[in-house]
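Architecture at a glance
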Amino acid sequence: MSGESFDGLAPLRDIVSQFELGALKSLGQNFLMDLNLTYRIARTAGDLAGVNVIEVGPGPGGLTRAILKTDAASVISVERDGRCIEALGYLKDAYPDRFKLIEGDALECDLETLAPAPRRVMANLPYNVATPLLIGWLKNVDAYQGFTLMFQKEVAERLVAVPRTKAYGRLSVMTQWLCETKIEFNIDRKAFTPPPKVMSTVVTLTPRRGPQAPAKWDHMERIVAAAFGQRRKMLRQSLKSFALDLAALGIEETRRAEELSVVEFASLARALD
Ligand code: SAM
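Notes on the structure in this doc start here. (Residues numbered from 1 in each chain as written. Predicted model: local features only at pLDDT ≥ 70, side-chain atom pairs only at ≥ 80, totals over all residues. Heavy atoms only, no water.)

Our focus in this paragraph is the pattern of salt bridges. In this structure the tally under the stated criterion is eleven salt bridges. Notably, a salt bridge pairs Lys190 with Asp188, separated by 3.9 Å at the nearest N-O pair. Since its relative accessible area comes to 68%, Lys190 is described here as exposed. Under the relative-accessibility criterion, Asp188 is labelled partly exposed at 36%. Between Arg236 and Glu253 there is a salt bridge, with the nearest N and O atoms lying 3.6 Å from each other. On the criterion of sequence distance, the pair formed by Arg236 in helix 10 (residues 235-238) and Glu253 in the loop between helix 10 and helix 11 (262-270) is long-range, its members being 17 residues apart. (Salt bridge = Lys/Arg side-chain N within 4 Å of Asp/Glu carboxyl O. Buried < 20%, exposed > 50% of the residue type's maximum accessible area, 1.4 Å probe, protein only. Helix = DSSP H or I, 4+ residues; strand = E, 2+ residues; numbered from the N terminus.)

Shown next as structure tokens:
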């Protein structure tokens, strides 16, 4: 398959040069120009028949057009950069019934209002806002069938990290509390224009049927933030302000945040009720 012609549309490089889409660092722009690679990412999501895909940051449209090549019912892309909105007219013309483009800031947008269920979020995320975007979606995770997302490798490693490892932290606990997490594959920095400083990794997040253990979001967030805010300190110190009876919860006060499982964090969070 020629990377430039699998859908018969103009090569991405032509779109980028015609609309002068010089990458803006402030918008985390690193474009994937290899359509074979974007198609590989799209296929990672499995069978998309009947699924409405919401994409954040289509840029010149490399991943967007790969998703449009699948059986996805529709693709709704949210983009902040007006230049890309203009450039993506070629995809609106090619897929008038299945492709919708929204100009706006994904951080200020409730993605679940953009399409009916089943919904899947797919994106090569702008790295400067990847974590706040993910946290926002996790708060309402039941709205989504799943997520196929590209992060910088270090962040991907945090998402899947297990206790007693350096990468285990707030993001690991909050994500794994609500989702199954899986690393799919790495993408070399040279695949991007311009190349970012770090490697990238595609990750699949699949919401669990319910959280690993019950707890209120706000309580979980407060406990986890406090514990990892002083990750080298014992819990009796890092959680002091909550005045919890740790022994009554079966958690020794000499343990540290990175030794606690997600289920143990949830039991601490429930104690705040
Ligand atoms: N999907 C394209 C690709 O794979 O080549 C572009 C990915 S680039 C890493 C991130 C994209 O997100 C850029 O197009 C950028 O303009 C857009 N973006 C950055 N911040 C955004 C935000 N807050 N809301 C929506 N889009 C944003």
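The next thing to look at is the state of the cysteines. Tallied over the entire structure, the rule returns zero disulfides. You can see Cys84 has no disulfide; the closest cysteine sulfur is in Cys109, sitting 16 Å from it. Cys179 carries a free sulfur, and the closest cysteine sulfur to it, the one in Cys109, is 19 Å from it. According to the relative accessible area criterion, Cys179 is buried, its value standing at 0%. (Disulfide = S-S within 2.5 Å.)

To continue, consider the site of the ligand. As a matter of local geometry, the ligand sits amid 20 residues, with Leu32, Gly57, Glu79, Asp105 and Asn124 nearest to it. A distance of 2.8 Å is found between an oxygen atom of the ligand and a side-chain nitrogen or oxygen belonging to Gln29. A distance of 2.8 Å is found between an oxygen atom of the ligand and a backbone nitrogen or oxygen belonging to Leu32. Against a free-state accessible area of 600 Å², the protein chains account for coverage of 99% of the ligand. Broken down by secondary-structure element, the contributors of at least two residues to the shell around the ligand are strand 1 (31-32) and strand 3 (74-79). Along the lines of polarity and charge, the residues of the shell around the ligand split into eight nonpolar, seven polar and five charged. (Near = heavy atom within 4 Å. Polar contact = N/O pair within 3.5 Å; in protein donor to acceptor, adjacent residues only side chain to side chain. Areas by Shrake-Rupley, 256 points an atom, 1.4 Å probe, with all protein chains shown as cover. Nonpolar A, V, L, I, M, F, W, Y, C, P; charged D, E, K, R; others polar.)

Below, the discussion takes up the packing of helix 7 (residues 153-160) against helix 8 (residues 170-178). Interhelical geometry of helix 7 versus helix 8 gives an angle of 55° and a closest axis separation of 7 Å. The pairing of helix 7 with helix 8 is recorded here as oblique in orientation. The handedness of the crossing between helix 7 and helix 8 is right-handed. Contacts between helix 7 and helix 8 pair Val155, Arg158, Leu159 and Val160 from the former with Leu171, Ser172, Thr175 and Gln176 from the latter. Looking at the contact of helix 7 with helix 8 residue by residue, the classes come out as four nonpolar, three polar and one charged. (Axes fitted to C-alpha atoms, helices over the stretch in contact; angles between N-to-C directions. Parallel < 35°, antiparallel > 145°, perpendicular 65-115°, else oblique. Left-handed = near helix turned anticlockwise from the far one by under 90°. Contact = heavy atoms within 4.5 Å.)

Take the packing of aromatic side chains next. Following the criterion strictly, the structure yields five aromatic pairs and no others. An aromatic cluster is present here, built from Trp137, Tyr144 and Phe147 joined pairwise through their rings. Directly above the ring of Phe185 sits Arg40, whose terminal nitrogen or CZ lies 3.7 Å from the centroid. (Phe/Tyr/Trp six-rings, centres within 6.5 Å; stacked < 30°, edge-to-face > 60°. Lys NZ or Arg CZ within 6 Å of the ring centre and 35° of its normal.)

Turning our eyes to something else, we now look at the packing of helix 6 (residues 130-138) against helix 8. Packing of helix 6 against helix 8 leaves a shortest axis separation of 11 Å and a crossing angle of 35°. The way helix 6 lies across helix 8 gives a crossing that is left-handed. Across the interface between the two elements, Thr131, Leu134, Ile135 and Leu138 of helix 6 pack against Leu171, Met174, Thr175 and Leu178 of helix 8. Taken together, the residues of the contact of helix 6 with helix 8 sort by class into six nonpolar, two polar and no charged.

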